[in-house]
Amino acid sequence: MTRRLAAASAEITTAALTKMAERYPWFRELDADHRASITLVVRSGIDGFSQWFSAGADESTTTNIFESAPRSLRTLSLQQTVAMIRATIDTVGEQIGLMMPRGDRAVLETAMLHYAREVAFDAADVYARAAEERGVWDARLESLVMDAVIRGEADESVVSRASTLGWRARSSLAVVIGDLPEVPQGRDTLRHLAARAKLDVLSAPQGDRLVALLGGSFADEDEAVAAASALVSAFGPGPIVVGPVVTEFGHAVTSARAALSGRRAASAWPGAPRPVAAGALLPERALSGDGQARRTLAGSVYLALREHGGDLLETLETYLELGTIEASARALFIHANTVRYRLAKVHEVTGYDPQDSRDAYALRLGLTLGRLLS
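Remember, it's a predicted structure, so these values are computed and weren't measured experimentally.

### Quick notes on the nonpolar core
Core analysis: the biggest nonpolar cluster contains 31 residues, and Met20, Tyr24, Trp26, Phe27, Ile38, Val42 and Phe49 have the highest contact counts within it. Contributions of two or more residues to this core are made by α2 (9-23), α3 (25-28), α4 (32-54), α5 (78-99) and α6 (102-151). Ranked by size, the runner-up nonpolar core spans 26 residues in total, among them Leu316, Leu320, Ala336 and Ala360.

### Side note on the pairing of strand β2 (residues 200-206)
Across a regular strand the side chains alternate sides, sitting on one face of the sheet and then on the other. Among the seven residues of β2, six are classified as buried, and the element is accordingly described as predominantly covered. Note: β2 against strand β3 (residues 209-216), seven bridges, orientation antiparallel. Across the sheet, residue Ala204 finds its bridge partner in β3, namely Val211. Between the antiparallel neighbours β2 and β3 lie two residues, among them Gly207 with a positive phi of about 65°.

### Quick notes on the pairing of strand β1 (residues 172-179)
Of all eight residues in β1, eight are buried; the element is thus mostly enclosed. Strand direction decides the pairing type here: β1 and β3, joined by eight bridges, are antiparallel. If you follow Ile177 over to β3, its bridge partner there is Val211. Pairing geometry for β1 and strand β4 (residues 241-242), over two bridges, is antiparallel. Note on β4: the bridge partner recorded for Val176 is Val242.

### Side note on unusual backbone geometry
A cis geometry characterises the amide bond from Arg274 onward to Pro275, with omega recorded as 5°. Relative to the assigned elements, Pro275 resides in the loop between α10 (252-265) and β5 (276-277). In this structure, Lys198 takes a positive phi of about 60° despite not being glycine. Looking at where Lys198 falls in the secondary structure, it is placed in the loop between α8 (186-196) and β2. Positive phi values are uncommon outside glycine, yet Phe333 reaches one of about 60°. One can find Phe333 in the loop between α14 (325-332) and α15 (336-350).

The rules behind each value
Residues numbered from 1 in each chain as written. Predicted model: local features only at pLDDT ≥ 70, side-chain atom pairs only at ≥ 80, totals over all residues. Heavy atoms only, no water. Core = buried A, V, L, I, M, F, W, Y, C linked by side-chain atoms within 4.5 Å. Buried < 20%, exposed > 50% of the residue type's maximum accessible area, 1.4 Å probe, protein only. Helix = DSSP H or I, 4+ residues; strand = E, 2+ residues; numbered from the N terminus. Pairing = 2+ DSSP bridges.

Right, dumping it as structure tokens:
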């Protein structure tokens, strides 16, 4: 009875393709190459069923029709492949009802269901292996991109590679560095959390660290830190440092260097928030040997106050030495409110509040570095 089915395989294949065209708009939009590939696979499946049934319908003898499928077929999604299988099964079932004697139909229909199950499993296996291979390749490519970012070699070719990983042109970027997660699924968690926060992310392990590049619309470092706060659970237990915001992929090395420096120095500030901006770690970075941090801190404190004038530098030095506004006012022979006004001006010029203990520490170090570097 399968001879009749085998003899009609070309006719059944045509009917199956017609059914796909009727059911699925995406099939009608395929080019000739893709249609030819689907035709070969459908014909192979129908012939395979006839041969398999004739050989005794042993499920262990089925051959994976997708293994030898043309390369162009691999562009179909799993959903489209399932639709192709479903349309073919429906067509074969209809032909069994039309061509076979009534007494043989039930046996053939049952056999077809078993065969179709194996075909579906084969399709799932092929797509699963392809996904694993793509995942391995993507992970390697992502590591290469992040390595280029860290080394300052993110040229146009690197940007192109990043785009193949789903990276979009973003108005602002920031590098985030923390400990590797304790579970191997940490990078998957990072991608999931970033997607929920509507951020682009690329990441790669670097030794015992996880380095991530975030893309979004951050106006400044504080907004980047706020965005990174949604990703904390994807990192290990140590400090998480967010580099300064840059506007171009090729400038991400600036953010990476600051974040790396901050990550090395973060242990010197036990009370640091998590995540913390690399800019907030300028004192620790300067003390750990970061020349850029030293110059930045000296410039934003000592040089900025010296250029502003108006006795701000002297007032700040006196206040840091004596510790109170009243004592500073007596030493400078001015009213306490004048001291308060000048300290508020220091805050405005430098960004550091002299009456905050953490900021006072940065100011004192900035003054010392300024004198050393001037």
